[in-house]
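# Results of the structural survey
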Amino acid sequence: VLFKDLWVSRGDGTTMGIQITNWLDQCRRLVSEKMYGWLTEVDQYAKSDQFKYAEDQRARIQKALRALQTTNAAGLRHTVTTSSGEGSVSIKSRLDGLTKDINDQMHQIVKRYSTMELKGYAMDPPSQVYEKLETASKENAAIFPIINDLKDVIFKKFTADMDLAKDECDPGGALLVSAERAVNCLPQAWQGQLRTVVEDARAYITEQSKAADLSAGELFDSKGTFEVGRVNSWCKENSTKPQNKGGVRLIRNNILKRTEKCEDTVSAAIQSCKLTEAVVEIGMIFGWCKKLHPHFPELSSVLDRLIAKL
């Protein structure tokens, strides 16, 4: 009302009217420049992902614009002439543009996580991004759908990777290990559900590995003796499966223990001049090497050492 009264008064041609005109022009310039400065801060905050501060300043500008709506009749235009070469800039148009830029930047964050591997979460924790978005959403409810999009992307990534980890069935697989570490980089509100997804995958893989270890252990009797044919068949069928790594190690260790006993027997036989006994033992190792060498190439070294003893 004051601005309107002054605007009417300034047209009476009096000295007071001229002073009022100059004062109104100065007010217009100062208010516009102040809001333009706020616009610059909005832009800077948004580019540094400080969305709460960007929303605070954006809300301040909107509030100021609403308050000044009543002064349009008094000639207080919402424009400012900048020194950066932009010329006359509409405050509202610039604010609308920045609002769109902020929204686009938030969607770019979602897009970034849609292609990010879980191992990358340590360097770019979703928990930090979530905190910034969640805080800013208190000023702007339109951010909630973006938070939900981010959650959807991350949950789908964990689920898909754990399905792949189960297929690989490797207890030390990169997907499983990365997921176990990545859970700690998530917002607290998401950790419980996704930790369960990862733990279920770990339990499944562990169970599969235990079953493989059990089947491998059944190839040996209590004295560690075994049938080469059965061991060879098991290795052909199972050695390339990730969940059977433990079973392969078990077989290798048992075979190498048996070769140690054979080496001791050969050494003792040679010292006792029982060459026939030594040759029999070496022949047995040769049979193992012939069938199992593709799976356990270290048997060749054992055979070479035994032959060298003769």
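Residues numbered from 1 in each chain as written. Predicted model: local features only at pLDDT ≥ 70, side-chain atom pairs only at ≥ 80, totals over all residues. Heavy atoms only, no water.

Each helix and strand counted, the chain has 12 helices and two strands in total. The secondary structure elements of the chain, listed N-terminal to C-terminal, are α-α-α-β-β-α-α-α-α-α-α-α-α-α. Counting every position in the chain, which comprises 310 residues, the buried fraction comes to 38%. Contacts spanning at least 24 positions in sequence make up 63% of the contacts within the chain whose residues lie at least 6 apart. Total accessible area on the chain is roughly 17600 Å²; 53% of this is exposed by carbon and sulfur atoms. (Helix = DSSP H or I, 4+ residues; strand = E, 2+ residues; numbered from the N terminus. Buried < 20%, exposed > 50% of the residue type's maximum accessible area, 1.4 Å probe, protein only. Contact = heavy atoms within 4.5 Å. Areas by Shrake-Rupley, 256 points an atom, 1.4 Å probe, with all protein chains shown as cover.)

Throughout the structure, instances matching the rule amount to eight salt bridges. Ionic pairing is found between K100 and D104, a salt bridge with its closest N-O pair at 2.9 Å. Note that K100 and D104 are positioned in helix α4 (residues 91–115) at a spacing of four residues, about one turn of the helix. What makes K100 exposed here is its relative accessible area of 52%. Between K157 and E117 there is a salt bridge, with its nearest N and O atoms 3.2 Å apart. With K157 in helix α6 (residues 144–168) and E117 in the loop between α4 and α5 (126–137), the pair connects residues that are 40 residues apart, well separated along the chain. Relative accessible area serves as the criterion here: at 40%, E117 is assigned to the partly exposed category. (Salt bridge = Lys/Arg side-chain N within 4 Å of Asp/Glu carboxyl O.)

This brings us to the confidence of the model for the chain. Per-residue pLDDT for the chain averages 81, and the proportion of residues at 70 or more is 84%. Looking across the chain, the model is least confident in helix α1 (residues 2–9), with a mean pLDDT of 47, and most confident in helix α7 (residues 174–182), with 96. Taken as a whole, residues 4–11 scores under 50 in pLDDT and shows 16 contacts with residues more than four places along the chain or in a different chain. Predicted confidence is poor over residues 73–77, with pLDDT under 50, and the contacts of this stretch with residues over four places away or in other chains come to 13 contacts. (pLDDT = per-residue confidence, 0-100.)

This part covers the packing of aromatic side chains. A complete count under the given rule lists six aromatic pairs for this structure. Arranged with centres 6.1 Å apart and planes meeting at 80 degrees, the rings of F155 and W190 form a pair that is edge-to-face. Of this pair, F155 sits in helix α6 while W190 is found in helix α8 (residues 188–217), placing the two residues 35 residues apart along the sequence. Considering the side-chain rings of F220 and F226, the 5.3 Å spacing of their centres and the 65 degrees angle between planes classify their relative orientation as edge-to-face. Each member of the pair F220 and F226 is classed as buried. Counting every residue linked through ring pairs, the aromatic cluster contains Y113, Y121 and F158. Looking at K166, its charged tip hangs above the ring of Y204, at a distance of 6.0 Å from the centre. (Phe/Tyr/Trp six-rings, centres within 6.5 Å; stacked < 30°, edge-to-face > 60°. Lys NZ or Arg CZ within 6 Å of the ring centre and 35° of its normal.)

A few words on the nonpolar core. Within soluble globular proteins, side chains that are nonpolar generally end up buried alongside one another. Counting 48 residues, the largest nonpolar core has I61, Y113, Y121, L133, L150, I154 and F158 as its most contacted members. Beyond its immediate sequence surroundings of up to four residues, Y121 is in contact with Y113, M116, P126, I154, K157, F158, A182, C185 and L186. If you look at the next biggest cluster of nonpolar residues, it comprises 25 residues, including V231, I255, V266 and L299. (Core = buried A, V, L, I, M, F, W, Y, C linked by side-chain atoms within 4.5 Å.)

What follows covers unusual backbone geometry. One non-glycine residue, C169, lies in positive phi territory at about 55 degrees. Among the secondary structure elements, C169 is positioned in the loop between α6 and α7. For C169, a relative accessible area of 3% translates into the label buried.

Let us now look at α6. Across its 25 residues, α6 extends 36 Å between first and last C-alpha, which sits within 8% of the 36 Å expected from 1.5 Å per residue. Regarding α6, the residues found buried are I146, I147, L150, V153, I154, F155, K157, F158, D161, M162 and A165. Structurally, α6 contributes buried residues whose contacts are with α4, α5, α7 and α8. Residue C169 follows α6 closely and has a positive phi angle near 55 degrees. (Expected span 1.5 Å × (residues − 1).)

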